[in-house]
Amino acid sequence: MNTIIRKSESEKVVPDDPSQDINDEVTFRLELNNFQLMEKLREHLLIGFGNPLLDIAATVANELLKKYNLKKDDAILARHEHKHLCKYLHEKYNAEFIAGGSVQNTLRVCQWILQKPRVATFFGCVGKDNYATILEKKAIEDGLNVCYQYTDEAPTGTCAVLITGTHRSLCAHLAAANHFTLEHLQKPENRQLWESAEYFYISGFFLTVSPPSIMEVARHSHKHNGAFMMNLSAPFVSQHFKEALMVAMPYVDLLFGNKDEVETFARELSWHTENLEEVGQKIVALHKADGERKRIVVITQGSQPVLLFHGNSIKDFPVQKLTPEQIVDTNGAGDAFVGGFLAQYITKKPLDVCVHCGVWAAAQIIQRSGCTFEGKPSFQV
């Protein structure tokens, strides 16, 4: 960096390129700030609670969706008619096995971007089987710390992922994931771990499993000025678990949802509007336990701009355009977006940067099969 040397009031040596001098100074300060923020990252800063599932993914024809009464770009809990779906995909379509579960995927992406292990810890329930071993091994390889509850009452959960072109349909058989209990959180060693966190992320899917656990964490976060974050996850959550969702909502500081999920949420609350800007503002205005902290709402719309609501502010952010040839699998795009967002949010970056990182992360993931990644992330502010 060039230096200005003051010899006298009448004689000064100036740099050849003042603008370069300023740019170097700005770059240095940004790098120093990033270094200081990364130094503050510690283990278990972010805790996630969700359903650990092994994704069984295959590219199929539309006829198979009809056979099993499934819809494109939808997510449901498996019914009796789906009992043998995963086995069928494995045997007939040479399905791929990928570590999954919405929250676990999000935290894996977050860890990938942070490049510092064990900043995030995941709680969920698995069976005592080989699938659980696969899930734990993959999570640890990706830098994630896991605190699984193990049950012998059910096998590890699975999620059938039916891919048709650029669309996907998810059919989750929660199995062991359904057996998560509040008692696991209350074990002294576990309580000490999650109570030391500052950020808490829970999927709407987890409302189907352990509302008492959610409320335990929500109240703790509120009492200790933490950040309690939730994802609407799927339309059926608002439709069939609205009561539990609305009990938790006053504690939600940051809410994620895609267009379909948010529109369904609005219908369930009889808001009589599908205008996303109106709906987003109404969600922000819902009762909040901490009236001093304004709720943040983030709405994704696939290839359309991301909407960010904070207080009276509404911002939209364009997403990266990809060609059809670049899009391999949209399964996990939403999880990746949240992972990218949280990687910046927990390092206290501006919300604009959080959204940009979320958009970048989603664009990386959909160019690969499943919620997978490799190498070092190239995102830059």
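Bear in mind the structure is a predicted one, so any value in this text is a computation, not a measurement.

(A) Fine view of the sheet that holds strand β15 (residues 304-310). One open sheet accounts for 9 strands, arranged β8-β7-β3-β11-β12-β13-β14-β15-β16; its pairing is mixed. The open sheet has two edge strands, β8 (145-151) and β16 (313-317), and neither has a second partner. This sheet shows a mean twist of 15° between the axes of neighbouring strands, independent of strand direction. Helix-sheet contacts for helix α14 (residues 351-365) involve β14 (296-301), β15 and β16, and the interaxial angle to β15 is about 150°.

(B) Layout of the UniProt feature "active site" (unreviewed entry) in the protein. UniProt marks D335 with the feature "active site" (unreviewed entry), using the numbering shown here. In this fold, D335 is placed in helix α13 (residues 333-345). With relative accessibility at 14%, the residue D335 sits in the buried group. Every residue in contact with D335, bar those within four places of it in the chain, is listed here: S102, N105 and T106.

(C) Quick look at helix α5 (residues 130-141). When the terminal C-alpha atoms of α5 are compared, their 17 Å separation across 12 residues agrees well with the 16 Å that a helix rising 1.5 Å per residue should span. Among all positions in α5, only A132, L135 and A139 are buried. For α5, the arc enclosing every buried residue in end-on projection is 65°, short of the 170-degree limit, so these residues lie on one face. Opposite its buried face, α5 presents the exposed residues N130 and K137, each directed more than 90 degrees away. Buried residues along α5 sit in contact with β4 (53-59), β6 (96-100), α4 (102-114), β7 (120-127) and β8. The opening residue of α5 is D129, an N-cap whose side-chain oxygen sits 3.3 Å from the backbone nitrogen of Y131. A positive phi of about 90° marks G143, the residue just after α5.

Criteria and cut-off values
Residues numbered from 1 in each chain as written. Predicted model: local features only at pLDDT ≥ 70, side-chain atom pairs only at ≥ 80, totals over all residues. Heavy atoms only, no water. Pairing = 2+ DSSP bridges. Helix = DSSP H or I, 4+ residues; strand = E, 2+ residues; numbered from the N terminus. Axes fitted to C-alpha atoms, helices over the stretch in contact; angles between N-to-C directions. Contact = heavy atoms within 4.5 Å. UniProt positions renumbered as here; feature names shortened; annotations may be inferred. Buried < 20%, exposed > 50% of the residue type's maximum accessible area, 1.4 Å probe, protein only. Expected span 1.5 Å × (residues − 1). Arc of directions from axis to C-beta. Polar contact = N/O pair within 3.5 Å; in protein donor to acceptor, adjacent residues only side chain to side chain.

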